[in-house]
Amino acid sequence: MVGVRVAKSSKSGTRRRAPLWARLCAIFGCVLMVVSGGALVTSQVLVARYANAVEQKDLFGNAAEGATKKSDIKGPVNILLVGIDPRNTNTAPLSDSIIVVHIPKGLKQAYLFSIPRDLRVEIPPFEKTGFRGGTSKINAAMSYGSSIGNGKHDVAQGFDLLAKTVSKLTGIKRFDAGAIINFNGFKDIVDAMGGVTMTIDQNVKSEHLKPNGKPRDRRPECAANNCEHPYIGPQASYKKGTYHLEGWQALDYVRQRYGLPRSDYDRQRHQQQFIKAMASQALSKNVVTNPVKLDNVLRAAGDALIFDGNGHTVVDWGLALKSLRSDDMTLVKLPGRSLIENKKYLGEALEPSADDFFASVNDDTITTFLINHPEFFQKL
């Protein structure tokens with residue numbers, strides 16, 4: 001069983017005014033969300049330190065032609081977030097989590113929806129790697145786009161093909177910003193905050209870790225990583241309720257899908273819930289009024305990200321989204337189903353109604369769509 005259970009409270013520190021450097025952490029360290037606005041105070045050193053800590057790369061393949069920078073950031077905007085497990089440059093990366101953030105005109109609301117990692121889609125051709133295009137699971141797009149020769153791979157180049165694939169799927173012609181998020185970096189952010197309070201909505205057992213957080217043992221015949229479920233022995237478990245989780249517990253919980261009733265759809269919901277919990281925690285009184293803890297959070301957030309603001313800096317985005325709060329985040333679920341052929345699992349497919357949702361994203365009428373289709377609201 002996880003952590004120490006905490007009582008739910010109607011009071012929250014998430015509405016307190018927070019300075020710019022705290023908002024920046026919530027925006028790009030805790031997945032581009034802000035709790036409240038506030039004035040820039042005497043924190044220029046921390047702003048510079050955080051901005052410099054974030055690795056900035058060309059994620060959309062437009063560096064050669066020059067990123068199209070708007071005079072300022074105005075809604076509607078779409079942001080693509082991709083979570084990966086850390087891999088070396090000799091291994092092709094896979095996108096384990098794909099989340100789109102849509103922020104309507106006015107920049108006062110944010111909608112998050114996840115793309116199933118096993119969704120079968122048409123991946124477009126990609127000249128840089130010679131990939132000719134084809135139908136595959138969407139999490140392979142980053143892999144197909146990442147090769148830079150001599151057996152080496154670049155996650156930033158892989159992101160470019162993934163972004164083009166998500167654009168083709170959703171009809172979103174242009175992403176205004178993007179980020180690659182290192183899952184291990186998320187763990188460090190949570191630890192730097194002193195943990196995160198999160199409501200667990202279903203009982204979950206860990207496929208990967210023991211109750212003490214150490215890796216589970218492998219069956220001898222699976223030493224070469226050729227087994228689907230290679231682990232044996234005691235498992236970490238997460239019971240329904242509200243808990244204060246350590247970094248390893250939070251990350252382990254949101255990575256689980258095996259044994260869950262809806263597999264990856266349950267995991268997507270948990271990841272979205274985790275994002276919202278992190279955004280609230282990052283701007284809690286316990287973090288923003290503790291200079292040492294906040295500095296550690298900023299450093300961890302910088303190490304966790306590769307960012308492309310399409311010509312705008314992290315600070316630009318921090319200022320543009322200063323009025324958003326975690327309460328302004330709406331989590332959206334896409335309806336989908338498994339594709340089975342001759343008893344073989346081929347991947348996932350979205351229901352036709354998802355096309356109507358994507359149209360509302362592109363028309364910036366998502367609020368009206370959700371009022372008329374409440375089944376798209378993600379359970380909290």
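Look up a bit, the structure's there.
Note that this is a predicted model, so its numbers are computed, not measured. (Residues numbered from 1 in each chain as written. Predicted model: local features only at pLDDT ≥ 70, side-chain atom pairs only at ≥ 80, totals over all residues. Heavy atoms only, no water.)

## Considerations on the sheet that holds strand β18 (residues 329-332)
Link 1 in the chain: The strand order across the open sheet built from seven strands is β2-β17-β10-β3-β4-β5-β18, with neighbouring strands paired in mixed fashion. The two strands at the open ends of the sheet, each matched to only one other strand, are β2 (55-56) and β18.
Link 2 in the chain: Here strand β5 (residues 110-115) runs beside β18; their pairing, made up of four bridges, is parallel. In the strand pairing of β18, Leu 112 is matched with Leu 331.
Link 3 in the chain: In this fold helix α4 (residues 155-170) packs onto β3 (77-84), β4 (97-103), β5, β10 (177-182) and β17 (305-308), with an angle of close to 130° to the strand it touches most, β3.
Link 4 in the chain: Where helix α5 (residues 183-193) meets the sheet, its contacts fall on β3, β4 and β10, and the angle it forms with β10 comes to roughly 80°. (Pairing = 2+ DSSP bridges. Helix = DSSP H or I, 4+ residues; strand = E, 2+ residues; numbered from the N terminus. Contact = heavy atoms within 4.5 Å. Axes fitted to C-alpha atoms, helices over the stretch in contact; angles between N-to-C directions.)

## Notes on the side chain of Arg 216
Link 1 in the chain: Checked against the element boundaries, Arg 216 lands in the loop between β12 (204-205) and β13 (217-218).
Link 2 in the chain: Although Arg 216 is buried, it makes no salt bridge; Glu 207 carries the closest opposite charge, 4.6 Å away.
Link 3 in the chain: At 3.4 Å, the side chain of Arg 216 forms a polar contact with the backbone oxygen of Pro 234.
Link 4 in the chain: Excluding residues within four positions of it along the chain, Arg 216 makes contact with Ser 206, Glu 207, His 208, Leu 209, Lys 210, Tyr 231, Ile 232, Gly 233, Pro 234 and Gln 235. (Buried < 20%, exposed > 50% of the residue type's maximum accessible area, 1.4 Å probe, protein only. Lys, Arg positive; Asp, Glu negative; His and termini not counted. Salt bridge = Lys/Arg side-chain N within 4 Å of Asp/Glu carboxyl O. Polar contact = N/O pair within 3.5 Å; in protein donor to acceptor, adjacent residues only side chain to side chain.)

## Brief notes about unusual backbone geometry
Link 1 in the chain: Between Gly 75 and the following residue, Pro 76, the backbone shows a cis peptide bond with an omega angle of 0°.
Link 2 in the chain: Phi is positive for Leu 107, which is not a glycine, with a value near 55°.
Link 3 in the chain: Of note, Leu 107 is situated in the loop between β4 and β5.
Link 4 in the chain: Positive phi is not limited to glycine here, since Asp 364 has a value of about 60°.
Link 5 in the chain: Along the chain, the position of Asp 364 falls in the loop between α11 (353-363) and α12 (366-372).
Link 6 in the chain: By relative accessible area, Asp 364 is classed as partly exposed at 24%.

## Some points on empty space enclosed by the protein
Link 1 in the chain: Under the counting rule described, the total for this entry stands at three cavities of 30 Å³ or more.
Link 2 in the chain: Its boundaries defined by the atoms lining it, the largest cavity holds a volume of some 130 Å³.
Link 3 in the chain: Elements that contribute at least two residues to the lining of the largest cavity include exactly β3, β4, α5, α6 (247-255) and α7 (264-282).
Link 4 in the chain: Here the lining of the largest cavity is built from residues that sort into twelve nonpolar, three polar and no charged. (1 Å grid on protein atoms, 1.4 Å probe; cavity = no way out; pocket = protein on both sides within 12 Å on 5 of 7 lines; lining within 4 Å. Points joined across faces, edges and corners; volume = space filled by probe spheres on them. Nonpolar A, V, L, I, M, F, W, Y, C, P; charged D, E, K, R; others polar.)

## Structural notes on the environment of Arg 255
Link 1 in the chain: For Arg 255, the location among the structural elements is in helix α6.
Link 2 in the chain: Expressed as a C-alpha distance, the spacing of Arg 255 and Ser 206, which sit 49 residues apart in the sequence, is 8.7 Å.

## Quick notes on the environment of Leu 245
Link 1 in the chain: Relative to the helices and strands, Leu 245 is located in strand β16 (residues 241-245).
Link 2 in the chain: Sequence separation between Leu 245 and Val 190 is 55 residues; the distance between their C-alpha atoms is 8.5 Å.

## Some remarks on the packing of aromatic side chains
Link 1 in the chain: Inspection of every chain in the model, using the stated rule, returns nine aromatic pairs.
Link 2 in the chain: On the basis of an interplanar angle of 90° and a centroid distance of 5.1 Å, the ring pair of Phe 113 and Phe 357 is categorised as edge-to-face. With a gap of 244 residues between them, Phe 113 in strand β5 and Phe 357 in helix α11 connect regions that are remote in the sequence.
Link 3 in the chain: Centroid distance Phe 357 to Phe 376: 5.7 Å. Interplanar angle 20°. Geometry classified as stacked. Highlighted residues: Phe 357 in helix α11 and Phe 376 in the segment after α12, separated in sequence by 19 residues.
Link 4 in the chain: Classification of Phe 357 by relative accessible area gives buried; the value is 0%.
Link 5 in the chain: Judged by its relative accessible area of 1%, Phe 376 is buried.
Link 6 in the chain: An aromatic cluster is present here, built from Phe 113, Phe 357, Phe 358, Phe 369 and Phe 376 joined pairwise through their rings.
Link 7 in the chain: A cation over an aromatic ring shows up here: Arg 262 above the ring of Tyr 265, its NZ or CZ 4.6 Å from the ring centre. (Phe/Tyr/Trp six-rings, centres within 6.5 Å; stacked < 30°, edge-to-face > 60°. Lys NZ or Arg CZ within 6 Å of the ring centre and 35° of its normal.)

## Concerning the pattern of salt bridges
Link 1 in the chain: Throughout the structure, instances matching the rule amount to 14 salt bridges.
Link 2 in the chain: One salt bridge in this structure joins Lys 210 and Asp 217, with 3.7 Å as the shortest N-O distance.
Link 3 in the chain: Looking at Lys 210, the relative accessible area reads 23%, which means it is partly exposed.
Link 4 in the chain: Measuring nitrogen to oxygen at the nearest pair gives 3.0 Å for the salt bridge that ties Glu 221 to Arg 219.
Link 5 in the chain: Taking relative accessible area as the criterion, Arg 219 reaches 27% and is therefore assigned partly exposed.

## A few points about the side chain of Ser 360
Link 1 in the chain: Tracing the backbone through its elements, the reader meets Ser 360 in helix α11.
Link 2 in the chain: Looking at Ser 360, its side chain comes within polar contact range of the main-chain oxygen of Phe 357, at 2.6 Å.
Link 3 in the chain: In this structure, Ser 360 is in contact with Thr 365, Ile 366 and Phe 369, ignoring residues within four places of it in sequence.

## So, the nonpolar core
Link 1 in the chain: Grouped together as the largest cluster of nonpolar side chains are 53 residues, with contacts concentrated most on Ile 103, Ile 189 and Phe 274.
Link 2 in the chain: Setting aside residues no more than four positions away along its own chain, Ile 103 makes contact with Gly 75, Pro 76, Val 77, Ile 79, Gln 109, Ala 110, Leu 321 and Leu 324.
Link 3 in the chain: Ranked by size, the runner-up nonpolar core spans 39 residues in total, among them Tyr 111, Phe 113, Ile 115 and Phe 357. (Core = buried A, V, L, I, M, F, W, Y, C linked by side-chain atoms within 4.5 Å.)

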